Structure formats: C-alpha cells, structure tokens
Amino acid sequence: MKRIAILGSTGSIGTQTLDIIQHAPEKFQVEAISGGYNTKLLIEQVNQFKPKLVSVATKELAHEVQLSVPAGTKVVHGEEGLIEVAAATDADLVVTALVGSQGLKPTLAAIDAGKHIGLANKETLVSAGHIVTEAVRKKGVAVLPIDSEHSAIYQCLNGENIAQVSKITITASGGSFRDRTRAELEGVTVEQALQHPNWSMGAKITIDSATMVNKGFEVIEAHWLFDLSYDQIDVLIHPESVIHSYVEFVDNSIIAQLGNPDMRVPIQYALTYPDRFVTPTKKLDLAAIGKLNFREMDYTRYPCLRMAYESGRQGGTTPTVFNAANEIAVARFLKGEITFLQIEQVIEAALQKHESYANPALELIHEQDLWARAYAESIQF
Ligand SMILES: NC(=O)C1=CN([C@@H]2O[C@H](COP(=O)(O)OP(=O)(O)OC[C@H]3O[C@@H](n4cnc5c(N)ncnc54)[C@H](OP(=O)(O)O)[C@@H]3O)[C@@H](O)[C@H]2O)C=CC1
Ligand SMILES: CC(=O)[C@@H](O)[C@H](O)COP(=O)(O)O
Ligand SMILES: [Mn+2]
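All values reported here derive from a predicted model rather than from experimental measurement.

Thresholds applied
Residues numbered from 1 in each chain as written. Chains lettered and ligands numbered in written order. Predicted model: local features only at pLDDT ≥ 70, side-chain atom pairs only at ≥ 80, totals over all residues. Helix = DSSP H or I, 4+ residues; strand = E, 2+ residues; numbered from the N terminus. Near = placed C-beta within 6 Å. Nonpolar A, V, L, I, M, F, W, Y, C, P; charged D, E, K, R; others polar. Domains from an automatic or database assignment. Contact = placed C-beta atoms within 7 Å. Expected span 1.5 Å × (residues − 1). Buried ≥ 20, exposed ≤ 12 C-beta atoms within 10 Å, placed from the backbone. Arc of directions from axis to C-beta. UniProt positions renumbered as here; feature names shortened; annotations may be inferred. Pairing = 2+ DSSP bridges. Axes fitted to C-alpha atoms, helices over the stretch in contact; angles between N-to-C directions. Core = buried A, V, L, I, M, F, W, Y, C linked by C-beta atoms within 7 Å. Right-handed = clockwise from strand over helix to strand, strands pointing away.

(A) Region of interest: unusual backbone geometry. The omega angle of the peptide bond from Tyr273 to Pro274 is 5°, so this bond is cis rather than trans. Among the secondary structure elements, Pro274 is positioned in the loop between helix H11 (264-272) and helix H12 (286-289). Here Lys50, not a glycine, exhibits a phi torsion of approximately 50°, which is positive. Take Lys50: it is sitting in the loop between helix H2 (39-49) and strand E3 (53-56).

In structure tokens:
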C-alpha cells in the first residue's frame, strides 16, 4: 500500500489523482488532502477516501467542513494547514497539485519531512528551482514529474545515461489561439482563452498555455528536473498533443513517449513508479489519428516563451519575478481588468523593472515574489 497526500485535491490534477486511486483501492491509502474554497467537493472526497487530515483555505471553512466529515478527521486551514498536509502524516508520496507559487512552502516542508514528491505544481520549480533541487538532493527523496511533457521525458530517460543526451524537445499544442496571428489576438475574450484544444485543465494553466508561458515554465522545470542546460531544451509546436515530448541522444537516436492527452496517464505513472498497471484510460489509436503535425516555434508570435528562456538563463530572482508577475497578470485577465495581450506586457514591465539577485535564499525569493505581485498589480493601461 502506498500512502498518499494530495495538496490541491479539489482541482483538475487533484481530482484525476483521486480517480486513479479509486480504480486501485488495494494499492493506495489517502492520508491527507487539501482543498481551497470548494468545500462541497472536499467533503465528498473526505467521506469517500477517509483521510485522517484535511485542510481548507480559511478558519471559517474549516468549521464548516468539520461538521460534515467523519468524527476523528482533523481539519486544519491556511498555509499552516497546507504544510501539515504536506509533512505531518505517514504519507510516502505527496502530490503537489496546488496552483501557483503558494505551493513552494508546502513542497519544501514535504521534502524536509522525507516525502517523495509527485510534482504537478511547476510554479514551485520556476520560482525557486535551486532551493527545491538542493533540498531534494540533501534529503535524497524522489521527484516524480506529473506534468505530461516531463513525465514523457522521465520515461524516455529511464535507464539511459544523461551524459549521452544531446537535447530534449518539449511539445506544445499552441494553446487556445494556436491558429490566430498576433493581430487576431486583439479583443479575444476570457471565455475563448479558456477553450484549450486538447486538455481539460484549471483556468490558470489554460491561460498560461495560450500565452505560451506554460511552455516557458516547462523549459525551466525541465532544466531543474533533468539538469540540462537551456541550449539542450527545445520547444516544438505539435497541435495534436500525442507525442508528449522526446529525447535525442548523441547517436541521433530519438525516444519519444506517446499517448492520448489524458493527465491520468502521467499521474498514474508518478503514483506507481517504477511499476505500471492497467489503467482506466483509453488506448491510443494511431491508425485512427492518421497523421501528426509539427510546426517550428515562432518566438515573435509567442514573446512569453522568449522571456521565459531569458529569465531561466539569467536565473537568480528573475524566474521568481517572471512567475509572480504572470500569476497576477493572469488573475487580472480572468477578472476582466486587462486584455489578453496585456498579460505579456505586465510580465515584460516587471522583468524590466526588477533587479536580479543571484543565488537568492528563500527569504529573498519571497520578498521578490511579493514585490513582483505588487508591481504587476499596480500597472495601469
Ligand atoms: N490541470 C492539468 O492538466 C495540469 C496542471 N499542471 C499544474 O498543476 C498545478 C495544478 O493545476 P490545476 O489542477 O489545473 O489547477 P486547479 O485550479 O484546477 O486546482 C488548484 C487547486 O489548488 C487549490 N487552491 C487554490 N487556491 C488555494 C488556496 N488559497 N488555498 C488552498 N488551496 C488552494 C484549489 O482548491 P479549490 O478549487 O477548492 O479552491 C485546487 O484544489 C498547476 O501548477 C498546474 O500548472 C501541470 C500539468 C497539467
Ligand atoms: C497537460 C499538460 O501537461 C499541460 O501542461 C499541457 O502541456 C498544456 O498544453 P500546452 O501548453 O502544450 O498547450
Ligand atoms: Mn505540461
């Protein structure tokens, strides 16, 4: 029995993690879960999976949840609650499925407590990759990627010598506006931006996919997960999201991982690694698909990807600012305060304004994250 804790159990990744678990109840025990504000779903999950510990966003919501869950369930709240879910139970593996850099402290707490990590919350590695990587090295825990591209690369690298990798290629669907020119992005709506062509995901990552910030995050995430230089990480547009990513070796051999766009496959792989078992997902039918398409990345069309590479290469607090400014810009776009094209303007302005600090400690990361948020919030158009 593998004991699992889930940060963000009520979200897209969290619910799909529980879906895999409910298909193999003999393999998993859910020790702890956390939700934010969706208490209705959280209560259903607690009653079905019977974790000992559950966390919600606020004290008031914790009181509400306590009334509707089995006696003996401990209900906690806020950042401390997330840290407790991450670190205070007997879980072997913590699935980090919170959205945004609020996932950083709980992830570090889980690592410090010696838990293996099923990593979905990529903003954590973008914001503080060197700190997370160092903590993982010190504690000797495993980080099993859940992000589909990184799970693909992890699977392609299984048993290979990383020194013989010449480069990796992360595939990108192109997002909800992949067939529009930049001029055609003027006036696009929130509703249109939320229509991802292949994946059903939370709102924030769906917007990140449309701006190509998501791919930029994935480049930085790959740099930290696989210890590759930015020159060894490419991005290629692949509209069907069937090839999830691939690795090219020094002998020009390429290994790719394929599958239907269904996050339950990489989630399951992270939960059961190094084993595999029959899954509730559908088989990939290449004959029915017929052909796969590819397009070279256009960095003028997608300036956020260019900014991500620049931020990653600069390192220090620059990726922290890139991430935090983006979080605010996306929230402002979703609230209707700014336009889609202004998201990249907010990020660019924050990157230009900030002063990069090399090798920052956690306190400085936190400070710069707050600075970038306040600055991104203050920009008026
Ligand atoms: N969805 C996907 O297919 C993929 C997602 N990822 C990454 O995984 C992470 C999660 O994404 P996704 O599942 O789509 O996101 P969702 O928005 O669907 O879920 C986010 C989760 O975080 C919780 N949460 C949000 N705010 C708070 C808060 N203040 N306090 C406590 N909990 C909070 C939400 O709770 P509630 O809803 O109850 O408020 C929810 O459980 C992101 O980093 C994303 O980039 C990576 C690859 C694919
Ligand atoms: C499912 C997943 O891993 C997402 O991160 C996905 O990559 C989003 O799709 P695109 O960013 O390629 O549009
Ligand atoms: Mn991805």
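(B) The arrangement of the site of ligand 1 in detail. The environment of ligand 1 is made up of 27 residues, and the closest members are Gly11, Gly36, Asn38, Met201 and Gly202. Residue assignment for the shell around ligand 1 shows that the elements contributing at least two residues are helix H1 (12-23), helix H6 (122-139) and helix H9 (203-211). Per-element accounting of the shell around ligand 1 gives the leading share, three residues, to H1. For the shell around ligand 1, the class distribution of residues is eleven nonpolar, twelve polar and four charged.

(C) Inspection of the domain arrangement of the chain at higher detail. The domain architecture assigned to the chain consists of domain 1 (2-141) and domain 2 (148-260 + 282-298). Between domain 1 and domain 2, the contact holds ten residues from the first and nine residues from the second. Per-element tally for the side of domain 1 that touches domain 2: the top contributor is H6, with six residues. Of the residues belonging to the side of domain 1 that touches domain 2, the class tally is three nonpolar, five polar and two charged.

(D) Layout of helix H13 (residues 303-314). Helix length check: H13, at twelve residues, gives a terminal C-alpha distance of 16 Å against a target of 16 Å (1.5 Å per residue), a fit within 8%. Along H13, the residues that are buried comprise Cys304, Leu305, Met307, Ala308, Ser311 and Gly312. The arc enclosing the buried residues of H13, seen along the axis, measures out at 160°, which places them on a common side. For H13, the elements touching its buried residues are H9, helix H10 (213-226), strand E9 (233-237), helix H14 (318-334) and helix H15 (340-353).

(E) Molecular detail of the UniProt feature "binding site: Mn(2+)" (unreviewed entry) in the chain. Here the UniProt-annotated "binding site: Mn(2+)" (unreviewed entry) positions come out as Asp147, Glu149 and Glu218. Spanning 72 residues, the named residues form one tight spatial group whose C-alpha atoms are at most 8.3 Å apart. Inspection of the secondary structure puts Asp147 in the loop between strand E7 (143-145) and helix H7 (148-157). Judged by C-beta crowding, with 28 C-beta atoms within 10 Å, Asp147 ranks as buried. Ignoring sequence-local partners within four residues, the contact set of Asp147 consists of Ala120, Lys122, Glu218 and Glu221. Of note, Glu218 is situated in helix H10. Setting aside chain neighbours within four positions, we find Glu218 in contact with Lys122, Asp147, Glu149 and Ile170.

(F) Just the environment of Ile162, in detail. Looking at where Ile162 falls in the secondary structure, it is placed in the loop between H7 and strand E8 (165-172). Along the sequence, Ile162 and Phe249 sit 87 residues apart, while their C-alpha atoms lie 8.9 Å from each other. Apart from residues lying up to four places away in sequence, Ile162 is in contact with Leu157, Phe226 and Asp227.

(G) Layout of the sheet that holds strand E11 (residues 254-258). Within the open sheet, the five strands sit side by side as E11-E10-E8-E9-E12. Their pairing is mixed. Unpaired on one side and paired on the other, E11 and strand E12 (295-296) mark the two borders of the sheet. Sheet analysis places E8 next to E9, joined by five bridges and oriented parallel. Bridge pairing in E9 links Thr171 to Leu236.

(H) Here's a closer look at the sheet that holds E3. The strand order E4-E3-E2-E1-E5-E6-E7 describes an open sheet built from seven strands, whose pairing is parallel. This sheet does not close on itself; its edge strands, each paired only once, are strand E4 (74-77) and E7. Across the sheet, the axes of successive neighbouring strands diverge by a mean angle of 25°, strand direction being ignored. Inspection of the sheet shows strand E2 (residues 28-34) paired to E3 by three bridges, in the parallel sense. Bridge assignment links Ala32 to a residue of E3, and that residue is Leu53. Packed on one face of the sheet, helix H3 (residues 59-66) meets E3 and E4 and runs near 165° to E4.

(I) Up close: the nonpolar core. Counting residues in each nonpolar core, the largest one holds 103 residues, and the members touching the most others are Ile4, Ala86, Ala325 and Ala329. Looking at this core, the element that brings in the most residues is H14, giving eight residues. Formed jointly, this core draws a minimum of three residues from each of two domains, domain 1 (2-141) and domain 2 (148-260 + 282-298). Dropping the residues within four chain positions of it, Ile4 is found in contact with Ile21, Phe28, Gln29, Val30, Glu31, Ala91, Leu93, Val95 and Leu271.

(J) Fine view of the site of ligand 2. All residues adjacent to ligand 2 are Asp147, Ser148, Glu149, Ala172, Ser173, Gly175, Trp199, Ile205, Ser209, Asn214, Lys215 and Met263. In terms of residue class, the shell around ligand 2 is made up of four nonpolar, five polar and three charged.

(K) Seen up close, the pairing of strand E1 (residues 2-7). As paired elements, E1 and E2 share six bridges and run parallel to each other. Opposite Ala5, over in E2, you have Ala32 as the bridge partner. Handedness of the crossover is the feature at issue here: the chain leaves E1, passes through H1, returns alongside E2, and the resulting connection is right-handed. Judged from the four bridges that link them, E1 and strand E5 (residues 93-96) form a sheet pairing that is parallel. For Ile6, the partnering residue across the bridge sits in E5 and is Val95.

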